[in-house]
Amino acid sequence: MFISYIHKFSMIDYPDKLSAVVFTRGCNLRCPFCHNPSLVLPEQFENVLPNAELFTFLETRIGKLDAVTFTGGEPLIHNELVDVIEKTKKLGFLIKLDTNGTKPIFLEKILSLGIIDYVAMDLKGSKDIYSEATGGFSFYDEMLESMDIIRKHVKDYEFRTTVVSDLHNQENLMACLDLLSSGERYCLQQFQSQKTLNPSYVNRSGLDSLTIDRIRDYAISKGIKITVR
């Protein structure tokens, strides 16, 4: 059992679909700007929900919701994720997976089953700031491998970066864009002040509109479908 809680209705997590959102607890990164420390830090974990409770809820939403999004934390640290998603898929729901891209072997395993309809993968930052953005971890090569695995197995996907002042800037975000190809989706998520895993980040912000516009123009010049949230 690894489910922390269920958000029963969302219009924004799965593009153009109504979805429930399943939050898994536990993560293999320590991103300082993370706004869900209770899903990341074991000392802040709350009680888990039995898997059966998820399926009981989903059975009441057949025909009312289009999809289920699995997010975290990091869902791919849990081996039983495959079984839970397979059972959810059999109920008739589309499946979206949110991942940080640090588990390419497991990612390939689950995507090769054909049970995932949409993937959103975080690009935490360019190579020069990746370790700082992840709390001291070095999974940059795994992230690149995961990008190619997603391209191989899934038609609908997006890459995304939560942009934080004094960490991300025009140069390193353009470096992220250079990892993408024409026609791919990229989302900039503006950080907003809130509870963070590292308290020193709590009063930071996103990036100014001029910088965002320049990044948007660069993406468009490369044929990348960019959105800002």
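Whatever comes next refers back to the structure up there.
It should be emphasised that the depicted structure is a prediction, and the values quoted were computed from it without experimental measurement. (Residues numbered from 1 in each chain as written. Predicted model: local features only at pLDDT ≥ 70, side-chain atom pairs only at ≥ 80, totals over all residues. Heavy atoms only, no water.)

Asker: So what's going on with the pattern of salt bridges? Residues and values would help.
Answerer: Pairing is possible between side chains that carry opposite charge, provided their charged atoms lie close to one another. All told, the structure shown has 13 salt bridges when counted by the stated rule. For Glu108, the salt bridge is made with Lys152, and the minimal N-O distance between the two is 3.3 Å. Within this pair, whereas Glu108 is found in helix 4 (residues 104–111), its partner Lys152 is found in helix 6 (residues 140–153), the two being separated by 44 residues in sequence. Taking relative accessible area as the criterion, Glu108 reaches 26% and is therefore assigned partly exposed. A relative accessible area of 61% means that Lys152 is categorised as exposed. Two residues, Lys222 and Asp178, come together in a salt bridge whose shortest N-O distance is 3.6 Å. Here Lys222 is found in the loop between helix 8 (209–221) and strand 8 (225–228), whereas its partner Asp178 is found in the loop between helix 7 (170–177) and strand 7 (185–190), with 44 residues between them in sequence. (Salt bridge = Lys/Arg side-chain N within 4 Å of Asp/Glu carboxyl O. Helix = DSSP H or I, 4+ residues; strand = E, 2+ residues; numbered from the N terminus. Buried < 20%, exposed > 50% of the residue type's maximum accessible area, 1.4 Å probe, protein only.)

Asker: I'd love a proper account of the layout of surface pockets, names of residues and values included.
Answerer: Computed from the structure, the largest pocket encloses a volume of approximately 1100 Å³. Forming the boundary of the largest pocket are 36 residues, of which His35, Asn36, Arg160, Thr162 and Gln189 lie nearest the centre. At four residues, strand 6 (residues 156–163) tops the list of elements feeding residues into the lining of the largest pocket. Tallied by class, the residues present in the lining of the largest pocket amount to twelve nonpolar, 15 polar and nine charged. (1 Å grid on protein atoms, 1.4 Å probe; cavity = no way out; pocket = protein on both sides within 12 Å on 5 of 7 lines; lining within 4 Å. Points joined across faces, edges and corners; volume = space filled by probe spheres on them. Nonpolar A, V, L, I, M, F, W, Y, C, P; charged D, E, K, R; others polar.)

Asker: Residue-level account of the sheet that holds strand 7, with values.
Answerer: Across the sheet, which stays open at both edges, the eight strands sit in the order 1-2-3-4-5-6-7-8 with mixed pairing between neighbours. Either end of the sheet is taken by a strand with one partner, and the two such strands are strand 1 (3–10) and strand 8. Here the strands of the sheet are splayed against their neighbours by 20 degrees on average, with no regard to which way each runs. Packed onto the sheet, helix 6 meets strand 5 (118–122) and strand 6 and runs at close to 165 degrees relative to strand 5. (Pairing = 2+ DSSP bridges. Axes fitted to C-alpha atoms, helices over the stretch in contact; angles between N-to-C directions. Contact = heavy atoms within 4.5 Å.)

Asker: Can you explain unusual backbone geometry? Please cite residues and give values.
Answerer: Note that the residue after Gly72, namely Gly73, is joined by a cis bond; omega there is 15 degrees. With respect to the helices and strands, the residue Gly73 is situated in the loop between strand 3 (67–71) and helix 3 (81–90). Even without glycine at this site, Asp166 takes up a positive phi of about 65 degrees. Here Asp166 falls in the exposed class, since its relative accessible area comes to 69%.

Asker: I'd like a rundown of helix 6, residues and numbers included.
Answerer: With 14 residues, helix 6 should reach 20 Å at 1.5 Å per residue; the first-to-last C-alpha distance of 20 Å fits that figure. Those residues of helix 6 that fall on the buried side of the exposure criterion are Tyr140, Met143, Ser146, Met147, Ile149 and Ile150. Around the axis of helix 6, the buried residues are gathered within 165 degrees of arc, so they sit on the same side. In this structure, helix 6 carries Asp141 and Lys152 as exposed residues pointing more than 90 degrees from its buried face. (Expected span 1.5 Å × (residues − 1). Arc of directions from axis to C-beta.)

Asker: Quick rundown of the packing of helix 7 against helix 8? Include the residues and the values.
Answerer: The interhelical angle for the contact between helix 7 and helix 8, taken along N-to-C directions, is 25 degrees, at an axis separation of 10 Å. Regarding the angle of helix 7 to helix 8, the classification is roughly parallel. Of the two elements, helix 7 crosses helix 8, and the hand of that crossing is right-handed. Facing helix 7, whose interface residues are Gln170, Leu173, Met174 and Leu177, helix 8 presents Thr211, Arg214, Ile215, Tyr218 and Ala219. Looking at side-chain class alone, the contact of helix 7 with helix 8 contains six nonpolar, two polar and one charged residues. (Parallel < 35°, antiparallel > 145°, perpendicular 65-115°, else oblique. Left-handed = near helix turned anticlockwise from the far one by under 90°.)

Asker: If you had to explain the environment of Glu108 to someone new, which residues and values would you point to?
Answerer: Sequence separation between Glu108 and Ile149 is 41 residues, and the spatial gap between their C-alpha atoms is 6.1 Å. Here His153 takes part through its side chain, which lies 2.6 Å from a polar atom of the side chain of Glu108. (Polar contact = N/O pair within 3.5 Å; in protein donor to acceptor, adjacent residues only side chain to side chain.)

These results come straight from atomic positions and should not be treated as a statement about function.
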